[in-house]
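Here is how the chains run, residue by residue.
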Amino acid sequence: MGTENRKHKDSLFVDLFYEDESAKKNLLSLYNALHDTEYQDEGIIRKVRVGDVLYKNFKNDISFEADGRVLVLGEHQSTVNPNMPLRCLMYVGRAYEQLVEKKARYRTTQVKIPTPEFYTFYNGTEDFPLEKELKLSDAFLDAPGGNSAELKVKVININSNKAHIILKKCGILREYSLFVDKVREHSIEEDSIKQAINECIRQGILSDYLKRKGSEVTNMLIAEYSYEEDIQVKQQEAMQKGQEEGRKEGRGEGLVLSAQIFRALQSNPDFTDAQIAVMVGCDLDDVESTRKAFGL
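Residues numbered from 1 in each chain as written. Predicted model: local features only at pLDDT ≥ 70, side-chain atom pairs only at ≥ 80, totals over all residues. Heavy atoms only, no water.

## Topic: the packing of helix α8 (residues 257-267) against helix α9 (residues 273-280)
Cut-off, in case you're wondering: For every element, the axis is a line fit to its C-alpha atoms; helices are fit only across the contacting stretch, and the angle between N-to-C directions ranges from 0 to 180 degrees. Numbered from the N terminus, helices here are DSSP runs of H or I no shorter than four residues, and strands are runs of E no shorter than two. In these notes the angle categories are as follows: under 35 degrees is roughly parallel, over 145 is roughly antiparallel, 65 to 115 is roughly perpendicular, and the rest is oblique. Two helices crossing with the near one rotated counterclockwise from the far one by less than a right angle form a left-handed crossing, whereas a clockwise rotation gives a right-handed crossing. We call two residues contacting when some pair of their heavy atoms lies within 4.5 Å. Note on residue classes: Ala, Val, Leu, Ile, Met, Phe, Trp, Tyr, Cys and Pro are nonpolar, Asp, Glu, Lys and Arg are charged, and everything else, Gly too, is polar.
Contact geometry for α8 and α9: axes closest at 10 Å, N-to-C directions at 125°. Taken together, α8 and α9 sit at an angle that is classed as oblique. Pair α8 / α9 crosses with right-handed handedness. Seen from α8, the contacting residues are L257, Q260, I261, A264 and L265; seen from α9, they are I276, M279 and V280. Each residue belonging to the contact of α8 with α9 can be placed in one class, and the counts come to 7 nonpolar, 1 polar and no charged.

Right, dumping it as structure tokens:
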């Protein structure tokens, strides 16, 4: 697959549902599960490759077109980010740039576009409801008007112990969930991951895929969990820095300012410092100092 030669690293989820030779088959199964359809022709699946939007160096999201719809799918192992609707808005905009010809945008007749759908699959260890809806309008500075844009992201908990109906409808997603469970029973080290892979092969969990790509899967998982740990550590550091600054300045609101700025920068890598300052409600100097402090 050559992930090391890419600008970003792919997660196991992305490889299984986008990069692997079985990806279209897997996407078709997932699409059927989401829409209660029974399509058999993988030809209806058209992958849409979008540049880095949701993450800078780690790709945990995919998009594809099928049956008059364009779906944006993301997967999270840690806490679901409330800024996902905003990030999906930027993501789908880039997807439409590929799906709609430039000349067509200037025609006098209306251009028909695939209907967008947004999903996030959560398989983290923190308690999370079976389903949750995130709305773009929740981030608006003022109450939305009648002509305001709205974007909704459906978050689905795919942990096997939650037994969401989609796991029954989509066998490959169920096996992916069971594989994640098995990996969590072991430490995130190369030998332990290999042991988990061998156990899953014996139990018929992603067996064909793991037989073909066991060593690559090991590398992807190590990179994936290292990325998650890195984000969590930086969030804790940002929180501590905010608390220290708050104590020095003697104001309660300063306790978490750096943490808020850090999260905003991580969630919106394409935003300028001025945009981040408006989003958080702080001074531009605060954004610049936080970016410098954490090397962002």
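## Description of the sheet that holds strand β4 (residues 61-66)
For clarity, the cut-off: Here, strands pair whenever DSSP counts at least two bridges between them.
Strands sit in the order β2-β4-β5-β6-β8-β7 across an open sheet of 6 strands; the sheet is mixed. Of all the strands in the sheet, just β2 (46-47) and β7 (131-135) have a single pairing partner and so form its edges. Direction of pairing for β7 relative to strand β8 (residues 152-157): antiparallel, over a ladder of 5 bridges. Within the sheet, the bridge partner assigned to L134 lies in β8 and is V153.

## Some thoughts on helix α6 (residues 190-203)
Rules: Helices are assigned an expected span. That span is 1.5 Å times one less than the residue count. Each residue gets one of three labels from its accessible area relative to the maximum for its type: buried under 20%, exposed over 50%, partly exposed in between, using a 1.4 Å probe on protein chains only. An arc is given here, and it is the one of the directions from the helix axis to the C-beta atoms.
Between the first and last C-alpha of α6 there are 20 Å, a value that for 14 residues agrees with the 20 Å anticipated at 1.5 Å per step. When α6 is considered as a whole, its buried residues turn out to be S192, I193, A196, I197, E199 and C200. One face of α6 carries all of its buried residues, which in axial projection span an arc of 160°. Exposed positions of α6 whose direction lies more than 90 degrees from the buried face are D191 and R202. Just beyond α6, the residue with positive phi is G204, at close to 75°.

## Describing the side chain of T290
To keep things clear, this is the line we draw: Side-chain atoms alone can form a polar contact between residues adjacent in sequence; in general such a contact is a pair of N or O atoms within 3.5 Å, and within protein one must be able to donate a hydrogen while the other accepts it.
With respect to the helices, strands and loops of the structure, T290 is situated in helix α10 (residues 284-293). Looking at T290, its side chain comes within polar contact range of the main-chain oxygen of D286, at 2.9 Å. Excluding anything up to four places from it in sequence, T290 contacts S258, I261, F262 and L265.

## A look at the environment of L151
Assignment of secondary structure puts L151 in the loop between β7 and β8. Residue classification places L151 among the buried residues on the basis of a relative accessible area of 6%. Between the alpha carbons of L151 and D138 there is a distance of 10.0 Å; along the sequence they are 13 residues apart. When near neighbours in sequence (up to four residues on either side) are disregarded, L151 contacts P85, C88, L89, F118, L134, K135 and L136.

## So, the pattern of salt bridges
Where we set the bar: We count a salt bridge whenever a side-chain nitrogen from Lys or Arg sits within 4 Å of a carboxyl oxygen from Asp or Glu.
In total, this model carries 14 salt bridges according to the counting rule given. Across the pair R69 and D67 runs a salt bridge whose closest N-O atoms are separated by 3.7 Å. Here R69 falls in the partly exposed class, since its relative accessible area comes to 25%. A single network of salt bridges, built from pairs that share partners, joins D15, D20, E21, R212 and K213.

## What about the packing of aromatic side chains?
Definition in use: Whether two aromatic rings pair depends on their centres lying within 6.5 Å, for rings of Phe, Tyr and Trp, where Trp uses its six-membered ring; planes under 30 degrees apart make the pair stacked, over 60 edge-to-face, and the rest tilted.
Enumeration according to the criterion identifies 6 aromatic pairs in this entry. By the ring-pair criterion, three or more aromatic residues cluster together here, those being F13, F17, F121 and Y176.

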